[in-house]
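Results of the structural survey
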Amino acid sequence: MRDQDPFPSGTVTFLFTDIQGSTKLAQEHPQEMPELLARHNAILNGSIETQHGFVFRIVGDSFSAAFHTAREALSAALEAQRRLQNESWSPAPINVRMGIHTGSAQLQDDPQGQGTFYEGYGTLALTQRIMSVGHGGQILLSQTTHDLVKDRLPDGTELRDMGERRLKDIVRPEHIYQVAASDLPSDFPPLTTLEAFHHNLPMQLTSFIGREQEIAEARKLLSDTRILTLIGPGGTGKSRLCLQVAAEQISEFKDGVWLIELAQLADPRYVLSTIASTFNLRELQGAPLIDTLTDYLRAKQLLLVLDNCEHLIETCARLSSHFVRACPNLKIIASSREALGINGETVYHVPSLSLPPAPAAGDGGEDGGKSKSLMDYESTRLFTERARQANPQFALTADNAPSVAQICTRLDGIPLAIELAAARLKLFTPQQIAERLDDRFKLLTGGSRSALPRQQTLRALIDWSYLTLNEMEQDVLRRLAVFSGGWTFDAAESVVGEMEVMDGLSGLVNKSLVNVEEQDGESRYRYLETIRQYAMEKLLESGEAVDIRDRHLAHFGEYTRRAEENFATAQRLLWLNRLEVEYDNIRSALGWALESHPEAALQMVCSLAVFWLSRSYLTEGSNWCQAAIARAEALSLAGPNMDHRRAQVYTALAMLSVNRGEHQTGQTAAKQGVALARGLDDKSILVRALNALGFTSVFLGEVRLAFDALHESEDICRKLGYREELANVLQALAYITMEVQGPDATEQLQSYMEESLALSQGSVDPEDALRTEGILARLAFYRSDLAEARKHADRMLDLHKKMGDQLGTTAHQSAMAHAARQLGNFEEALDLYRETIRDWQEIGHRGAVAHQLECIAYIAKAQEQGGRAVKLMSAADALREAGSSPRTPQERIEYDRELAGLRTGMDEEEFNLLWEEGQSMKMEQAIDFAVGEKKQ
């Protein structure tokens, strides 16, 4: 339990400080500023510590401290101001403003283990706002803090009533008091609260969360432009950001900041009169209203805020262009879903709120402590704050944090959607909300009754955007819904139509319904998932869905076929990467093919086999192969072309299965491929099917069948001149010869490898380069030239990594671990095994995981950790039994030898108890046990 003394919680008094004009100081005195800041920090730290305060955050020159009592906070502020005043500052004085407020706040452990944070956003926000309206040297208190200290003030100190003040982003006016001490300055300029300036900005009823970067960027842009337009899709918080930026600019405009709310206007003819009425101007007889308004604004230094322009865009554009030309001291901020499109306009795309990263596959949501707290992300902070308003009992915990992160991510960080979701905390837990997001338009209803109708439900919000589109844009919006994970312009042309996509896509981008990003020198387009779900509903309603999905399938069927053609060329990596980018679309197309075009599914599965092997989609690839075969056979699709495809798919399934340790499935599929190829008399497929049969059979201990299949494949390749296939089969023969006969077959191994090497020379296929380096490494190893072997092994590893081949990389690193172990380099081997065992688990190869456990056990035995070795070997044995993953002949020889050694060196009863413990371990437990004994 945490020591409560230094860490106040519950009712807490906060002291916030910052240096007034610090940015200007840093610009004017860049060399002296670090020393000035260090002295300032020492004074603040010392004063706070003396009064038992707790500094919980320092950002730049801003301090945030917490105290058990209001009196301690006030004493710390007074002491700090006295020391700051008495310090000899050169070349410029340091003037610090301070704000103190007391309220409810809980010191919480972050659910992701990232330290602690204060939960109590309203209390912290009010403290920040009180401090920000003061001036350097001034100490300001809230009403709550005033009431706590008024009867126990230090000698020579009084509290001056500054009245009720409106603070930016604070719901209710706050009564503020200034601390006046006899030995400190007490006369300051007026507080910079909203009353001090001309404006008509509305009081916000909820707190403004995050957007610090966006506010800073928008302010910088506004300083350099006359017209700034904030654009983005509905619900991203354009209006709220626009108002916040405007509020931050109040002191910059002598004649004020004036909001023109256009959302309720339906007729563009009333825009001008709405602006005029804001300034109490009326049309005069004989004088057009635009002239009257222009004459009024011409001499004014003010900021005009045009909010929600999208449905009146042409009128807003025309008037904005006129006013900035005629009124030299006027600036305009507009919010809209598309830009005004006029000269001099600067456009700022309002992003969604920052999102927590998705956990990496297989990492259990952990990242070694490098991730930020959920409360550091704007989306999750907004959800948490609004959730407490809906359900005061809500708290972010380790149990609900993953669901909160999932909600915010699946809602694309859209503020309105997150607020609607948080409102559902009255009915559901975060877990239940996350589970219902597939039907988000039904779930996310019931927003504030005082909000605009379109802001009360998520569907109404997007309906509003949809109805502002022209007919072509609506057609394109619907049809693009068929894409998953984004699309290129060429893909959109194929699916939507050349003429439609040029104009329609441009309109959707301009109206912020489609996002554009550059990827590898090419524009790529995507929907936010919420927009895509809406567009898909419209597509299904339109009756076009079947035709559009057929076009999508045709495009990506051809795309995968072109990729397959390039796998044996120097462009292999390029096409593997392209398939990776388009893989969400490929999955979607495959799913539709299985449902409606099973012959196309077979073709795509054949084309994708190399991709699945190279990028370790072994389980998924196997599932697609089995589904395509089952669908074709269920429909009794027959004929030479169908049999040809089925033979290829069976062969692909065999190789995918053997690489994930499913040898029985692999052998059955290989036999089917061989039978179909023989029936077709297709030698090229037969060669590949026989190779697959050879590999799968050796792992099942059927050595004669393995050699017979590979030798038949070798004969065909030699007879028909299949150069590349012969290099592959010779590699396979070398591998199974080594597995069956071991080092005794060195001469035969070298013969196979050297011929394979000769056949691979000069090829542009990256697979041949991999094969060449692998052969050279093995040949050097057999000659006991370990330095040469390592050189080629490292090159091979680099090639695997360059190709993005996780399977090849893992297999190669495993081989390096085995070599290090056999040479007695146990620590090197263990470091590699600890990495590769997790990789094999992620790939889904239970047999490889079992073998890694066995190898770690052999090292444990050599290091006289017999009990540990027995449990690891027993866990490996259970894993092999559960996954039908027998050992190869050479693996069996080593296993039997090591196990016998353990039995003879240990009491039988002890051995049996340890063996039982290992048998009871699940795979994850066994892996944790294996990797958890690293020596420090």
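This section reports on the structure supplied with the text. (Residues numbered from 1 in each chain as written. Predicted model: local features only at pLDDT ≥ 70, side-chain atom pairs only at ≥ 80, totals over all residues. Heavy atoms only, no water.)

This part is about the nonpolar core. Burial of nonpolar side chains together is a common tendency in soluble globular proteins. In this structure, Phe383, Leu480, Trp487 and Trp612 are the most contacted members of the largest nonpolar core, which totals 167 residues. When residues in this core are grouped by element, the largest group, ten residues, is from helix H36 (residues 846–862). With 33 residues, the next largest nonpolar core counts Met33, Ala73, Ile139 and Leu141 among its residues. (Core = buried A, V, L, I, M, F, W, Y, C linked by side-chain atoms within 4.5 Å. Buried < 20%, exposed > 50% of the residue type's maximum accessible area, 1.4 Å probe, protein only. Helix = DSSP H or I, 4+ residues; strand = E, 2+ residues; numbered from the N terminus.)

This paragraph deals with helix H19 (residues 498–510). For H19, spanning 13 residues, the distance from its first C-alpha to its last is 19 Å, which sits close to the expected 18 Å at 1.5 Å a residue. Along H19, the residues that are buried comprise Val501, Gly504, Leu505, Gly507 and Leu508. The inward-facing, buried residues of H19 abut helix H17 (471–479), strand S14 (487–488), helix H18 (489–496) and strand S16 (522–526). Where H19 ends, the next residue or the one after it, serine 512, has phi of about 65°, a positive value. (Expected span 1.5 Å × (residues − 1). Contact = heavy atoms within 4.5 Å.)

Turning our attention to the packing of aromatic side chains. One pass over the structure, following the stated rule, counts 21 aromatic pairs. Both rings, one in phenylalanine 7 and one in phenylalanine 54, keep their centres 4.8 Å apart while their planes meet at 85°; by these two values the pair is edge-to-face. Here the residue phenylalanine 7 occupies a position in the segment before strand S1 (10–19), and phenylalanine 54 occupies one in strand S2 (residues 54–59), the gap between them amounting to 47 residues. Using a relative accessible area of 25% as the deciding quantity, one classes phenylalanine 7 as partly exposed. Classification of phenylalanine 54 as buried rests on a relative accessible area of 17%. Directly above the ring of phenylalanine 428 sits arginine 436, whose terminal nitrogen or CZ lies 4.4 Å from the centroid. One cation-aromatic arrangement involves arginine 868 over phenylalanine 929; the distance from NZ or CZ to the ring centre is 5.1 Å. (Phe/Tyr/Trp six-rings, centres within 6.5 Å; stacked < 30°, edge-to-face > 60°. Lys NZ or Arg CZ within 6 Å of the ring centre and 35° of its normal.)

Spatially, the three strands line up as an open sheet ordered S14-S16-S15, and their pairing is antiparallel. Of all strands in the sheet, those bounded by a partner on one side alone are S14 and strand S15 (515–519). Bridge count between S14 and S16: two bridges; the pairing is antiparallel. Each bridged residue has a counterpart across the sheet, and for tryptophan 487 the counterpart in S16 is tyrosine 525. (Pairing = 2+ DSSP bridges.)

Right, let's talk about the sheet that holds strand S11 (residues 302–307) for a bit. Pairing is parallel across the open sheet formed by five strands, whose spatial order is S10-S11-S12-S9-S13. Edge positions in the open sheet fall to strand S10 (257–261) and strand S13 (345–349), since each of these has one partner strand only. This sheet shows a mean twist of 20° between the axes of neighbouring strands, independent of strand direction. Here S10 runs beside S11; their pairing, made up of five bridges, is parallel. (Axes fitted to C-alpha atoms, helices over the stretch in contact; angles between N-to-C directions.)

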